[in-house]
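# A look at the structure
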Amino acid sequence: ISQWLPVGCDVVNRRLGGLDVPTLVIAGEDDNMLPTKQEAERLVKVMPDCTAMFIKGAGHFILDDRFNLTEAIIKDAPFDPLKQRVDAKTYDPILDWQLPSEQQLEELIETRVKPFRFLTSPKFFSTGVDGKRRLGLGQVPAQEEGRPILFVANHQ
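About the criteria used
- Residues numbered from 1 in each chain as written.
- Predicted model: local features only at pLDDT ≥ 70, side-chain atom pairs only at ≥ 80, totals over all residues.
- Heavy atoms only, no water.
- Helix = DSSP H or I, 4+ residues; strand = E, 2+ residues; numbered from the N terminus.
- Buried < 20%, exposed > 50% of the residue type's maximum accessible area, 1.4 Å probe, protein only.
- Contact = heavy atoms within 4.5 Å.
- Areas by Shrake-Rupley, 256 points an atom, 1.4 Å probe, with all protein chains shown as cover.
- Pairing = 2+ DSSP bridges.
- Arc of directions from axis to C-beta.
- Core = buried A, V, L, I, M, F, W, Y, C linked by side-chain atoms within 4.5 Å.
- Salt bridge = Lys/Arg side-chain N within 4 Å of Asp/Glu carboxyl O.
- pLDDT = per-residue confidence, 0-100.
- Patch = residues over 30% accessible without salt bridge, like charges linked within 9 Å, V, L, I, M, F, W, Y side chains within 5 Å.

## Remarks on the overall build of the protein
When its secondary structure is counted, the protein shows 4 helices and 4 strands. Looking at the 156 residues of the protein, the share that counts as buried comes to 21%. Long-range contacts, defined as pairs at least 24 residues apart, comprise 56% of the intrachain contacts of the protein with a sequence gap of at least 6. In the structure as shown, the protein presents an accessible area of about 11900 Å², 56% of it carried by carbon and sulfur atoms.

## Some points on the pairing of strand E1 (residues 23–28)
Taken across its 6 residues, E1 has 5 buried, putting it largely inside the fold. In this structure, E1 lies alongside strand E2 (residues 50–55), joined through 6 bridges in parallel fashion. What sits directly across from Thr23, in E2, is Cys50.

## A short note on helix H2 (residues 36–46)
Along H2, the positions that sit buried rather than exposed are Thr36, Ala40 and Leu43. Taken around the axis of H2, the buried residues stretch over an arc of 60 degrees, which confines them to a single face. Here the buried face of H2 lies against helix H1 (4–16), E1 and E2.

## Points about the nonpolar core
The nonpolar side chains of a soluble globular protein tend to be buried with one another. Leu16, Leu19, Val21, Val25, Ala27, Ala40, Leu43, Met47, Cys50 and Leu119 together form the largest nonpolar core, which totals 10 residues. Those elements that place two or more of their residues in this core are E1 and H2. Core analysis: the second largest hydrophobic core is formed by 9 residues, Leu24, Ile55, Ala72 and Ala77 among them.

## Examining the pattern of salt bridges
Counting across every chain of the model gives 4 salt bridges. In this structure, Lys114 and Glu110 form a salt bridge, with 2.7 Å as the shortest nitrogen-oxygen distance. Of this pair, Lys114 and Glu110 are both found in helix H4 (residues 102–120), 4 residues apart, which corresponds to roughly one turn of the helix. You can call Glu110 partly exposed: its relative accessible area is 47%. Here Asp130 ties to Arg134 by a salt bridge, and the two come within 2.7 Å at their closest N and O atoms.

## Here's the deal with the confidence of the model for the protein
Regions with low pLDDT carry predicted coordinates that are not meant to be interpreted in detail. Here the protein averages 79 in pLDDT, and 82% of its residues register 70 or above. Within the protein, H2 carries the highest mean pLDDT (91), whereas helix H3 (residues 69–76) carries the lowest (74).

## Considerations on a nonpolar patch on the surface
On the surface, a cluster of nonpolar side chains totalling about 200 Å² of accessible area is made up of Leu105, Ile109 and Val113. Mapped onto the elements, Ile109 comes out in helix H4. For Ile109, a relative accessible area of 39% puts it in the partly exposed group.

## Topic: the environment of Gln104
Examined against the element boundaries, Gln104 turns out to sit in helix H4. Residue Gln104 is classed as partly exposed on the basis of its relative accessible area of 23%.

As structure tokens, then:
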């Protein structure tokens, strides 16, 4: 892992500066598993339109029933995904929700989803018998060769 992590980070980190969509990073202030708060602060510096929201008393796992993501975006995020900012005090995300138009969906997909998908899609690498890493899984040995396979991934 210590050899693969720098390679993966290099691929992803080079692309973060080109992520030109409003981004909200939500991080627990009390993560004892990973340096989540420091990583959120780093992302805010690296990404052009990134804001961090730190959740007091939360650790690594914060998107559960203790934290309302919809409410956080509507009330506290510095951007409005559909450009329809409403008064958060009177807006009910369930009762007042309206289906976006086909044009709004197409615009969001083109301007937000596709660029984000391109910049953050996973990259897979495999190591050939010569010991060199290559982009793609083409060098993963076939099962019948009798060699063990180690597959390391990161959740997103």
